[in-house]
Amino acid sequence: MAFFLETLLGGLMAGMLYSLVALGFVLIFKASGVFNFAQGAMVLFAALAMARFAEWIPLHLGISDPIAANVLAFVGAGVVMFVVAWIIERLVLRHLVNQEGTTLLMATLGITYFMEGLGQTIFGSNIYKIDIGMPKDPVMILESAFEGGILINKEDFYAALIAAALVALLSVFFQKTATGRALRAVADDHQAAQSIGIPLNRIWVIVWCVAGVVALVAGMIWGSKLGVQFSLTTVALRALPVVILGGLTSVPGAIVGGLIIGVGEKLSEVYLGPYVGGGIEIWFAYVLALGFLLIRPQGLFGEKIIDRV
C-alpha cells in the first residue's frame, strides 16, 4: 500500500507540472481559436531569460543575496515576456484578425522559430542552471502509518505546489474577472466579441502576456529540474496528451487531464512496465490520449468543434 501511494503521489506531482504547460496551450486557444505551436519556444525563452538574468544581476548590480537576485531575475524575465507578447500582437496577430485558423497556426510556427533563434542570439546556446533554492533531497513521510514510510521528492513537491497555486489563480481569473469573461467571449466568436465593444487586439496582448507568465513559471520549474537547454522545447510535447484528454478549451480540463496523465504514466510504468519490457512511461500518455480521442474528440471538458464554428 505504501509503495502504491508513493507512486500515486509521484504521478500527481508530475501531473501538476504537465497541467502547467498545458495551460499555455489552452489560454492561447481560448483567445484565438488556434493551437499555439510556439508554447514550447516560450517556455525555453522564458527559462533562458530567467537563468541569464540570475547570472547577470549579481555581477552587474553587486547583489549577493540569492533570493533577491532570483526575485529580480523573475521580474526581469516577466517584463521580457510582456514585451515579447506586445511585439507578437503588434507585428503578427493584429494583421491576422478574423483570418482562417490555418493562417494563425502557421503564424505560431513562425513565432516558434523566431523565438528559438532570438533566444540563442541574446542569451547564448549553452546549458544554464536555475537555482531557486528548492531542496532536491527526498524525504520520508507517514512513517508511523506505513512501515518504512512513503518516499517523496521535495523538489517535485514544491514544484507541484507552485504549479497548483498558479493554476488556481488562473481558474479564478477566467471565472470571476471581467477580463476573464471577455477572454471567453473572444474564444467563442471573434466577430461577435468585437461587435459588443470587446477590443480584440488588447485581449490578445493580455492572453499572450498571461501565457508568457505561465511559460516563465513552467520554464523556471523545469529549468531547475533539468537545466536550461534547447531540448526544453520538447517539454511542451509532454503536454499534448493532456490537452487532448482534457480539452483544448477548458482550464479545468488541463488540470484534470494533467493529473490523469501523470498518475497513469507512473502507475503504468511500475505495474505494466515489467510485462512489456519497460519504457511504457514514454508512450503511455500518447496511446491513452489517442484512444480517448476516438471516443470523445473534444476531450473531457472541451466543446465540440462544430459548436465553435
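The shown structure was predicted, so the numbers you read here are calculated from the model rather than taken from an experiment. Per-chain numbering applies: the sequence of each chain, read as written, is numbered from 1 onward. Per-residue local features of the predicted model are confined to residues with pLDDT of at least 70, and side-chain atom pairs are confined, for both listing and counting, to 80 or more; whole-chain, interface and lining totals are unaffected and use all residues. The basis for every side-chain value is the complete set of heavy atoms in the structure, and neither hydrogens nor water enter the calculation.

Chemist: Where do I start with the overall build of the chain in this structure?
Modeler: Looking only at helices and strands, the chain has 14 helices and two strands in total. The reference for a compact globule is 2.2 Å times residues^0.38; the radius of gyration itself is calculated from the C-alpha atoms. Radius of gyration (C-alpha) of the chain: 20 Å, near the 19 Å computed for a compact globule of 309 residues. Should any heavy atoms of two residues lie within 4.5 Å, those residues are counted as being in contact. If you take every contact in the chain between residues at least 6 apart in sequence, the share linking residues at least 24 apart comes to 75%. Every accessible area reported is derived by Shrake-Rupley at a probe size of 1.4 Å, with residue values counting cover from the shown protein chains alone. For the chain, the exposed area adds up to about 14,600 Å²; of that, 67% sits on carbon and sulfur atoms. What counts as a helix is a DSSP run of H or I of at least four residues, what counts as a strand is a run of E of at least two, and both are numbered from the N terminus.

Chemist: How should the confidence of the model for the chain be read in this particular structure?
Modeler: Parts of the model with low pLDDT should not have their predicted coordinates read in detail. Model confidence for the chain is summarised by a mean pLDDT of 82, while 93% of its residues fall at 70 or above. Confidence per residue, as judged by the predictor, is encoded in pLDDT with a range of 0 to 100. Here residues 305-309 is a poorly scored stretch, pLDDT under 50, and it has six contacts once near neighbours within four places are set aside; other chains count.

Chemist: Help me understand helix 11 (residues 251-271) in this model?
Modeler: Residue pairs three or four apart in sequence face the same way in an α-helix, which turns once every 3.6 residues. A helix's residues, less one, multiplied by 1.5 Å, set its expected span. Counted at 1.5 Å a residue, the expected span for helix 11 with its 21 residues is 30 Å, and the 30 Å between its end C-alpha atoms agrees. Those residues of helix 11 lying buried are Val 251, Gly 253, Ala 254, Ile 255, Gly 257, Gly 258, Ile 261, Gly 262, Val 263, Gly 264, Glu 265 and Ser 268. We call two N or O atoms a polar contact when they sit within 3.5 Å, provided that within protein one can donate a hydrogen and the other can accept it, with sequence-adjacent residues counted only if both atoms are side-chain atoms. Where helix 11 begins, the capping side chain belongs to Ser 250, and its oxygen is found 2.8 Å from the backbone nitrogen of Gly 253. Only protein chains enter the accessibility calculation, which uses a 1.4 Å probe; a residue whose area is less than 20% of its type maximum is buried, one above 50% is exposed, and one in between is partly exposed.

Chemist: It is not clear to me how the nonpolar core should be interpreted in this structure. Could you clarify?
Modeler: One recurring pattern in soluble globular proteins: nonpolar side chains tend to sit buried together. Among the buried residues, those of types Ala, Val, Leu, Ile, Met, Phe, Trp, Tyr and Cys that are joined through side-chain atoms within 4.5 Å form a nonpolar core. Counting 93 residues, the largest nonpolar core has Leu 20, Val 21, Leu 27, Phe 53, Met 115, Trp 208 and Trp 222 as its most contacted members. A total of 17 residues in this core trace back to one element, the largest contributor, which is helix 8 (residues 200-226). Contacts of Val 21, omitting those with residues within four sequence positions, involve Gln 39, Ala 218, Trp 222, Val 235, Ala 236 and Ala 239.

Chemist: Mind showing me how you'd approach helix 8 here?
Modeler: Here helix 8 contains 27 residues, and its C-alpha end-to-end distance of 37 Å stays within 8% of the 39 Å for a straight helix at 1.5 Å per residue. Most of helix 8 is tucked away: 21 of the 27 residues are buried. Gly 227, located one to two residues past helix 8, shows a positive phi value of around 90°.

Chemist: Please clarify how the packing of helix 3 (residues 66-91) against helix 8 should be interpreted in this entry.
Modeler: Any two packed helices are characterised by how steeply their axes cross, that is the angle between the axes, and by the distance between the axes. Here, axes are lines fitted to C-alpha atoms. For helices the fit covers the stretch in contact, and angles between N-to-C directions go from 0 to 180 degrees. Running from amino to carboxyl end, helix 3 crosses helix 8 at an angle of 145°, the nearest separation of the two axes being 8 Å. Once helix 3 is placed against helix 8, the crossing between them reads as right-handed. For the pair helix 3 and helix 8, contact is made by Phe 74, Ala 77, Gly 78, Met 81, Phe 82, Ala 85, Ile 88 and Glu 89 and by Asn 201, Trp 204, Val 205, Trp 208, Cys 209, Gly 212, Val 213, Leu 216, Val 217 and Met 220, respectively. The crossing is said to be left-handed when, going from far helix to near helix, the turn is anticlockwise and less than a right angle, and right-handed when the turn is clockwise.

Chemist: Sorry if this is basic, but what is going on with the packing of helix 2 (residues 39-61) against helix 8 here?
Modeler: Following both chains from N to C, one finds helix 2 and helix 8 inclined at 65°, their axes separated by 7 Å at the closest point. As helix 2 runs across helix 8, the sense of the crossing is right-handed. On helix 8, the residues that touch Gln 39, Met 42, Val 43, Ala 46, Ala 47 and Met 50 of helix 2 are Trp 208, Ala 211, Gly 212, Ala 215, Leu 216, Ala 218, Gly 219 and Met 220. Residue type decides the class: Asp, Glu, Lys and Arg count as charged, Ala, Val, Leu, Ile, Met, Phe, Trp, Tyr, Cys and Pro as nonpolar, and the leftover types, Gly among them, as polar. Split into classes, the residues belonging to the contact of helix 2 with helix 8 amount to eleven nonpolar, three polar and no charged.

Chemist: Quick question: what am I supposed to make of the side chain of Thr 108 here?
Modeler: Mapped onto the secondary structure, Thr 108 falls in helix 4 (residues 101-123). Judged by relative accessible area, which is 2%, Thr 108 ranks as buried. With residues up to four places along the chain from it excluded, the contact list for Thr 108 reads Phe 35, Asn 36, Phe 37 and Ala 38.

Chemist: Which parts of the structure should I look at to understand the packing of aromatic side chains?
Modeler: Describing an aromatic ring pair means giving the distance of the ring centres and the angle of the ring planes. Between rings of Phe, Tyr and Trp, where Trp is taken as its six-membered ring, a pair exists when centres lie within 6.5 Å; planes separated by under 30 degrees are stacked, by over 60 edge-to-face, and by other angles tilted. With the rule as written, the count across this model stands at six aromatic pairs. On the numbers, 6.2 Å between centres and 85° between planes, the contact of Phe 53 with Phe 123 is edge-to-face. With Phe 53 in helix 2 and Phe 123 in helix 4, this residue pair connects regions lying 70 residues apart in the sequence. Neither Phe 53 nor Phe 123 differs from the other in exposure class; each is buried. Three or more aromatic residues joined by ring pairs make a cluster, and in this case those are Phe 45, Phe 53, Trp 56 and Phe 123.

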